[in-house]
Amino acid sequence: MVFQTSGDPCGKGAASVNAKMAQVDLHLHTNRSDGQHAPSEVVRLAYEAGLKLIAVTDHDTVGGIAESATAAARYGIGFIPGIEISTAHAQEQHMLGYYIDPGAPVLREICLHFMQLRDERIGNTIEYLHRCGIMITRADVQAEAPGTYLGRPHIAAAMVRAGYAADINEAFKKYLATDAYRKTPRPKPTAVESIEAIRAAGGTAALAHPDSLHLEAGALSRHVGELKSFGLAGLECCYGTYSRAQTALYVEIAKQHDLIVTGGSDFHGLAIKPDVMIGSGRNHLLDYNDLSVAEALKAAADA
Ligand code: AMP
Ligand code: FE
Ligand code: FE
Ligand code: ZN
């Protein structure tokens, strides 16, 4: 199935000079993964920002869907149940799933399995940090999280609290986004497995923030084309930190492969990503207004 992308899907062209308010944000995190705010708070923030259509896409969990869906209905905001699955790749490769059924056994299983591995990885990461002279404990990390989900942002927050880094970004830059850290891997599903799980749960798969793969344009296009042959339906071309040029490149790649252009801020809360605002990203770089994306994603999910 072919989905046409409009000429200016992220609203960054001349027509948007009048600074329309961003209306759509399909990439939001709650405190059920590594976001700052409870699901209903994220929806309230979306409402206050004037958003008309949102998707909650927590990492490797659907634990925030029920609460955010209820809140979205109360605020009268269009809502897409989503997920963001971390997948195996030399760099970071995240797969977004839209319109997934949060109760689907296949998804629950994959989430549970990889959450257990995520939890084991925390211990390895703490050992790695100890070798670096950073003496934080699992209890310190747990103190930064409201539930059982522990991710690198919680480790970073614990490091900041203990005075080992000035802020979360510095903790990542010096310790958690380094080659040394990458030697402390956690097993992840392959991209193809994540697409299959999303599709088996009734959803549509879209590749998140394609720059994180660190591929040049030709290699990225080939990679995306291959994923499409396994059922990929969308590409996150509009993102909270992308320049107009970056977005244009990804839109071009989406067009090459007839993929749905998706967009979202990757909002985590300002305590975690201080420069990424809900709906608008960094310095209003995100201006994504394609309300028809909901229909396109739903149609692809049902196809
Ligand atoms: P994890 O899934 O535990 O490996 O952590 C990945 C999460 O850490 C991402 O989804 C972001 O929320 C955050 N993150 C990754 N890289 C950075 C970075 N360089 N600076 C700040 N946060 C980051
Ligand atoms: Fe995150
Ligand atoms: Fe991501
Ligand atoms: Zn994300």
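Located above this text is the structure these notes cover.
Conventions and cut-offs
Residues numbered from 1 in each chain as written. Chains lettered and ligands numbered in written order. Predicted model: local features only at pLDDT ≥ 70, side-chain atom pairs only at ≥ 80, totals over all residues. Heavy atoms only, no water. Donors = N, O, S within 2.8 Å, 3.2 Å for Na, K, Ca; no water. Tetrahedral: all angles 85-135°; square planar, octahedral: opposite > 155°, others 65-115°. Helix = DSSP H or I, 4+ residues; strand = E, 2+ residues; numbered from the N terminus. Buried < 20%, exposed > 50% of the residue type's maximum accessible area, 1.4 Å probe, protein only. Pairing = 2+ DSSP bridges. Axes fitted to C-alpha atoms, helices over the stretch in contact; angles between N-to-C directions. Contact = heavy atoms within 4.5 Å.

Engineer: How should I be thinking about the coordination of the iron ion (ligand 2) in this particular structure?
Structural biologist: Reference values for angles at a metal are 109.5 degrees in the four-donor tetrahedral case and 90 or 180 degrees in the six-donor octahedral case. Summarising the metal site, the iron ion (ligand 2) is bound by the protein donors D34 (OD), D34 (OD), H59 (NE2) and H268 (NE2), whose distances to it range over 2.1 to 2.6 Å. For the iron ion (ligand 2), the six donor atoms in the first shell make angles of 53 to 152 degrees at the metal, a pattern classed as irregular. Positions of the donor residues of the iron ion (ligand 2) along the chain correspond to the pattern D-x24-H-x208-H. Here the iron ion (ligand 2) and the iron ion (ligand 3) are spaced 5.8 Å apart. With a gap of 234 residues between them, D34 in the loop between β1 (24–28) and α1 (39–48) and H268 in the loop between β7 (260–264) and α11 (293–302) connect regions that are remote in the sequence. Classification of D34 as buried rests on a relative accessible area of 6%. On the basis of relative accessible area, H268 is assigned to the buried category, the value being 4%.

Engineer: Help me understand the coordination of the iron ion (ligand 3), please; the structure alone is not making it clear to me.
Structural biologist: Within the protein, the iron ion (ligand 3) binds to E84 (OE), H94 (ND1) and H209 (NE2); these donor distances fall in the range 2.0 to 2.2 Å. Its relative accessible area of 0% is what places E84 among the buried residues. Given the relative accessible area of 6%, H209 is considered buried.

Engineer: How should the environment of M95 be read in this particular structure?
Structural biologist: Here M95 lies in strand β4 (residues 93–98). Of the residues examined, M95 reaches a relative accessible area of 0% and is grouped as buried.

Engineer: Could you clarify how one ought to interpret the sheet that holds strand β3 (residues 78–87) in this entry?
Structural biologist: Whenever strands of a sheet pair, they do so through backbone hydrogen bonds, lying parallel or antiparallel. Spatially, the seven strands line up as an open sheet ordered β1-β2-β3-β4-β5-β6-β7, and their pairing is mixed. The open sheet terminates on both sides in strands that have one partner only, identified here as β1 and β7. Averaged over all neighbouring strand pairs, the angle between strand axes comes to 30 degrees, with direction disregarded. Relative to β7, strand β6 (residues 232–239) runs parallel, the two being bridged by five bridges. Bridge pairing in β7 links Y239 to G264. Along the sheet, helix α8 (residues 191–200) makes contact with β3, β4, β5 (204–207) and β6, crossing β4 at roughly 10 degrees.

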